[in-house]
Amino acid sequence: MRATVSFPDPDDKSASGFGVSGDHGPKSSEVYGFVGSITTVVATVIFLVWAYVPEHWLHAIGISYYPNKYWALAVPTYALVTIVLALVFYVGLNFMSTPPPTSLNTIFCRDPSTFIPSREGDEQPIEPISDIGINQINDLMYKHKARCALDPIHLGTQQLMHSNF
């Protein structure tokens, strides 16, 4: 018996080797990620050297043109304060644009003619959470008549239970 050994042709594009796809080389996102990570590390090292090494050492190695050391504290502080204020502003804007839980703006209605608004004041407290009976769930899910749908997330479940459907 004779053993035969075959080697794939390196110029043959149809036969792909083990674990090799048709595309060769790294993806552009991998290159950008690598260059970005290396740039970040180098910039951090340069910043830390500038911030912590005494000025006479920098002058001794020939580095004489650099920003004032004040900016080593000022820029990160300004950036951090800007980020914190942006987050506070974003949360505050969301609180301002959200109606209160007792507002009639949280109710949506498929058939407005069947909706009778509450005669009581608009500022009512949220009632405690409780279970809805199975008969009311079946009525809500399986009765096919036009009615208003109340948003149970914004309204208390007691208000949902006591409404007329």
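Residues numbered from 1 in each chain as written. Predicted model: local features only at pLDDT ≥ 70, side-chain atom pairs only at ≥ 80, totals over all residues. Heavy atoms only, no water.

The chain appears in an unreviewed UniProt entry as PIG-P domain-containing protein from Dovyalis caffra.

Caption draft 1: Examining the overall build of the chain more closely. When helices and strands are counted, the chain shows five helices and two strands. Its helices and strands in sequence order give the chain the pattern α-α-α-β-α-β-α, from N to C terminus. Per-residue burial for the chain yields a buried fraction of 12% across its 165 residues. The contacts of the chain with a sequence gap of at least 6 include a subset with a gap of at least 24, amounting to 49%. Carbon and sulfur atoms form 66% of the exposed surface of the chain, whose accessible area is close to 14500 Å². (Helix = DSSP H or I, 4+ residues; strand = E, 2+ residues; numbered from the N terminus. Buried < 20%, exposed > 50% of the residue type's maximum accessible area, 1.4 Å probe, protein only. Contact = heavy atoms within 4.5 Å. Areas by Shrake-Rupley, 256 points an atom, 1.4 Å probe, with all protein chains shown as cover.)

Caption draft 2: Local environment of the packing of helix α1 (residues 28-52) against helix α3 (residues 70-97). The N-to-C vectors of α1 and α3 enclose an angle of 130°; their axes lie 8 Å apart at closest approach. Our classification of the angle between α1 and α3 gives oblique. Contacts between α1 and α3 involve F47, W50 and A51 from the first element and W71, A72 and P76 from the second. Among the residues making up the contact of α1 with α3, the classes are represented as six nonpolar, no polar and no charged. (Axes fitted to C-alpha atoms, helices over the stretch in contact; angles between N-to-C directions. Parallel < 35°, antiparallel > 145°, perpendicular 65-115°, else oblique. Nonpolar A, V, L, I, M, F, W, Y, C, P; charged D, E, K, R; others polar.)

Caption draft 3: Fine view of the UniProt feature "transmembrane region" (unreviewed entry) in the chain. Per the UniProt record, "transmembrane region" (unreviewed entry) is found at residues 31-53 and 73-93. Spanning residues 31-53, this segment combines 96% helix with 0% strand, and its end C-alpha atoms are found 32 Å apart. (UniProt positions renumbered as here; feature names shortened; annotations may be inferred.)

Caption draft 4: Region of the structure containing the environment of L48. In this structure, L48 sits in helix α1. Along the primary structure L48 and A72 are separated by 24 residues, whereas in three dimensions their C-alpha atoms are 8.8 Å apart.

Caption draft 5: View of the packing of aromatic side chains. A full pass over the atoms with the stated rule returns two aromatic pairs. A ring pair is formed by Y70 and W71, whose centres lie 4.9 Å apart and whose planes are at 75°; its orientation type is edge-to-face. Residue Y70 is classed as partly exposed on the basis of its relative accessible area of 46%. The class of W71 is partly exposed, set by a relative accessible area of 41%. (Phe/Tyr/Trp six-rings, centres within 6.5 Å; stacked < 30°, edge-to-face > 60°.)

Caption draft 6: Spotlight on a nonpolar patch on the surface. On the surface, V31, Y32, F34, V35, I38, V42 and I46 cluster together into a nonpolar patch covering about 710 Å² of accessible area. Mapped onto the elements of the fold, Y32 is located in helix α1. (Patch = residues over 30% accessible without salt bridge, like charges linked within 9 Å, V, L, I, M, F, W, Y side chains within 5 Å. Salt bridge = Lys/Arg side-chain N within 4 Å of Asp/Glu carboxyl O.)

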